[in-house]
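# Breakdown of the fold
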Amino acid sequence: MADKRDYYEVLGVQKGASDDELKKAYRAMVKKYHPDLHPDDKEAEARMKEVNEAYDVLSDREKRAKYDQFGFAGVDPSYAAGQGGGGFGGFSSGGFSGGFDDIGDIFESFFGGGFTGQRQNPNSPRKGQDIKTSVQISFMEACKGTGIDIRVNRLERCSACSGTGAKAGSGAETCPDCRGTGNVRINQRTPLGVFQTTKTCDRCGGRGKIIRDPCPTCSGQGVVRRVLQKNVSIPQGIDDGQTLRITGEGDCGLNGGPNGDLIIRVSVRPDEMFEREGFDIYTEVPISYMQAALGDDITIPTIDGNVKYRIPAGTQNGDTFHLRGQGVPRLYRSGRGDHHATVRVMVPKNLTKKQQDLLRAFNDSLDDRNNPDKKKFSDWFK
Ligand SMILES: [Zn+2]
Ligand SMILES: [Zn+2]
């Protein structure tokens with residue numbers, strides 16, 4: 001890993017580069033190293049891989065933040081996997097980071113946020129945490145839909161003890177200190193009087209229960225951390241930055257509460273040929289000067305492959321042709337956006353003497369209407 005290049009350097013952008021700058025840089029690199037342009041070129045292939053990896057990290061806000069802070073160690077899953085229970089790679093899961101030796105850790109995560117003042121009864125049902133992860137797919141996969149394998153680390157109810165945390169045959173006792181509430185009241189004497197405050201019960205760690213004979217599978221926690229491997233289908237029409245929510249696939253709930261959800265952020269790699277705006281696609285198609293002047297059947301690349309299209313005589317540079325209903329399928333709906341092809345007239349370069357003469361002769365033959373040299377400037381706007 002020592003010879004790995006900095007991701008910003010790979011894409012040739014500054015550290016504070018905006019999303020737009022990243023996209024632009026990525027597109028430029030794809031144009032440079034795309035395997036179609038360099039068949040059997042190992043060097044280009046390696047570069048392309050490097051570019052994809054850099055874009056994968058830098059285009060994801062969370063991964064980028066981790067990379068900025070910890071370097072490759074912050075985003076490389078193989079590195080993180082060696083870190084015991086907390087190996088999340090680029091994932092985040094409600095603030096978990098370390099192992100789960102401490103019941104309080106798990107508790108904090110279930111109770112995390114939303115609590116001001118007194119804690120709720122620890123025995124009431126509670127929803128599990130949502131798990132966030134991110135995937136990256138190609139432009140074409142976003143257009144056509146795809147299936148993608150994800151791996152997340154999540155909390156599941158321990159089946160050995162049915163989530164009680166007590167070894168089979170034994171049970172949990174209500175904590176005598178807090179009588180199962182998880183909190184104890186303490187009186188605080190101050191010059192202004194006596195205040196009563198609540199704090200987490202030390203004896204049961206806020207759990208309200210004491211387990212004398214803990215379940216060996218989950219060490220009395222009632223939950224275990226497992227890797228969920230799942231093939232998720234990504235619907236056609238999804239766009240960069242959108243999220244999918246899979247209900248009930250997050251961390252397990254507590255005390256019979258519902259599971260959290262699995263939230264998947266989808267990032268879409270830009271394509272070297274197509275630009276997308278909503279469900280419409282934009283492409284540029286180079287044509288020759290003659291094709292523009294005389295009209296021709298040109299080839300327009302679309303997400304369904306090449307389409308023949310007849311452009312009329314007298315087509316101008318920058319004219320756009322619209323292929324209705326040949327854009328991106330609408331997400332969760334029927335129908336598709338449009339495909340817009342803008343022609344770029346390629347002006348011939350490096351003409352021979354003979355060609356130059358022909359062109360001059362041709363130009364002289366044009367009447368005033370077709371020749372900017374002979375037409376008054378103001379007439380162009382009539
Ligand atoms: Zn257990
Ligand atoms: Zn207690």
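Structure first, text after, so check above.
Analysis parameters
- Residues numbered from 1 in each chain as written.
- Chains lettered and ligands numbered in written order.
- Predicted model: local features only at pLDDT ≥ 70, side-chain atom pairs only at ≥ 80, totals over all residues.
- Heavy atoms only, no water.
- Core = buried A, V, L, I, M, F, W, Y, C linked by side-chain atoms within 4.5 Å.
- Buried < 20%, exposed > 50% of the residue type's maximum accessible area, 1.4 Å probe, protein only.
- Helix = DSSP H or I, 4+ residues; strand = E, 2+ residues; numbered from the N terminus.
- Contact = heavy atoms within 4.5 Å.
- Donors = N, O, S within 2.8 Å, 3.2 Å for Na, K, Ca; no water.
- Pairing = 2+ DSSP bridges.
- Axes fitted to C-alpha atoms, helices over the stretch in contact; angles between N-to-C directions.
- Salt bridge = Lys/Arg side-chain N within 4 Å of Asp/Glu carboxyl O.
- Arc of directions from axis to C-beta.

Our next topic: the nonpolar core. Membership of the largest hydrophobic core comes to 24 residues, with the highest contact counts inside it found for I137, I234, I238, L262, I264 and V266. Tallying contributions element by element places strand β9 (residues 262–268) first for this core, with four residues. Every residue in contact with I238, bar those within four places of it in the chain, is listed here: I137, A142, L244, V266, V268, R276 and L331. Membership of the second largest hydrophobic core comes to 22 residues, among which are A17, M48, V57 and V75.

With that settled, consider the coordination of the zinc ion (ligand 1). Here the zinc ion (ligand 1) is held by the protein donor atoms C158 (SG), C161 (SG), C215 (SG) and C218 (SG), which lie 2.3 Å from it. Its relative accessible area of 2% is what places C215 among the buried residues.

Right, let's talk about the sheet that holds strand β15 (residues 339–346) for a bit. Pairing in this open sheet of four strands is mixed, and the strands run β10-β11-β15-β14 from one edge to the other. If you trace the sheet from one side to the other, it starts and ends with β10 (275–277) and β14 (320–323), each paired once. Neighbouring strand axes in the sheet, compared pairwise and without regard to direction, differ in orientation by 30° on average. In the sheet, β14 pairs with β15 via four bridges, with the strands oriented antiparallel.

The next subject is the coordination of the zinc ion (ligand 2). Metal coordination angles have textbook ideals: 109.5 degrees for a tetrahedral set of four donors and 90 or 180 degrees for an octahedral set of six. Around the zinc ion (ligand 2), the protein supplies C175 (SG), C178 (SG), C201 (SG) and C204 (SG) as donor atoms, at distances of 2.2 to 2.3 Å. The sequence motif formed by the donor residues of the zinc ion (ligand 2) is C-x2-C-x22-C-x2-C. Of this pair, C175 sits in the loop between β3 (172–174) and β4 (183–190) while C201 sits in the loop between β5 (193–200) and β6 (209–211), and the two are 26 residues apart along the sequence. On the accessibility criterion, C175 (1% relative accessible area) is buried.

Turning next to the sheet that holds strand β1 (residues 131–137). Overall, mixed pairing links the three strands, which are arranged β1-β9-β8 in an open sheet. Edge positions in the open sheet fall to β1 and β8 (243–246), since each of these has one partner strand only. The sheet shows a mean angle of 25° between the axes of neighbouring strands, taken without regard to direction. In the sheet, β1 pairs with β9 via seven bridges, with the strands oriented parallel. Considered in β9, the bridge of I131 is made with L262.

Following the criterion strictly, the structure yields 28 salt bridges and no others. Put simply, D130 and K127 hold a salt bridge, and the shortest N to O gap is 3.8 Å. For K127, a relative accessible area of 41% gives the class partly exposed. Note that R226 and E156 form a salt bridge whose closest N and O atoms lie 3.2 Å from each other. One end of the pair, R226, is in strand β7 (residues 223–234); the other, E156, is in strand β2 (residues 146–157), with 70 residues separating them in the sequence. Judged by relative accessible area, which is 35%, R226 ranks as partly exposed. Salt bridges sharing common partners tie together R5, E9, E43, R47 and E50.

Along an α-helix, residues three or four apart share an orientation, since each turn contains 3.6 residues. Buried residues of helix α4 (residues 61–70): K63, R64 and Y67, and no others. The buried residues of α4 occupy an angular sector of 100° when projected down its axis, which confines them to one face. Structural note: α4 exposes R61, Q69 and F70 on the side pointing more than 90 degrees away from its buried face. As for α4, its buried residues are in contact with α1 (7–11), α2 (19–33), α3 (42–58) and β1.

All we've got here are geometric facts, nothing functional implied.
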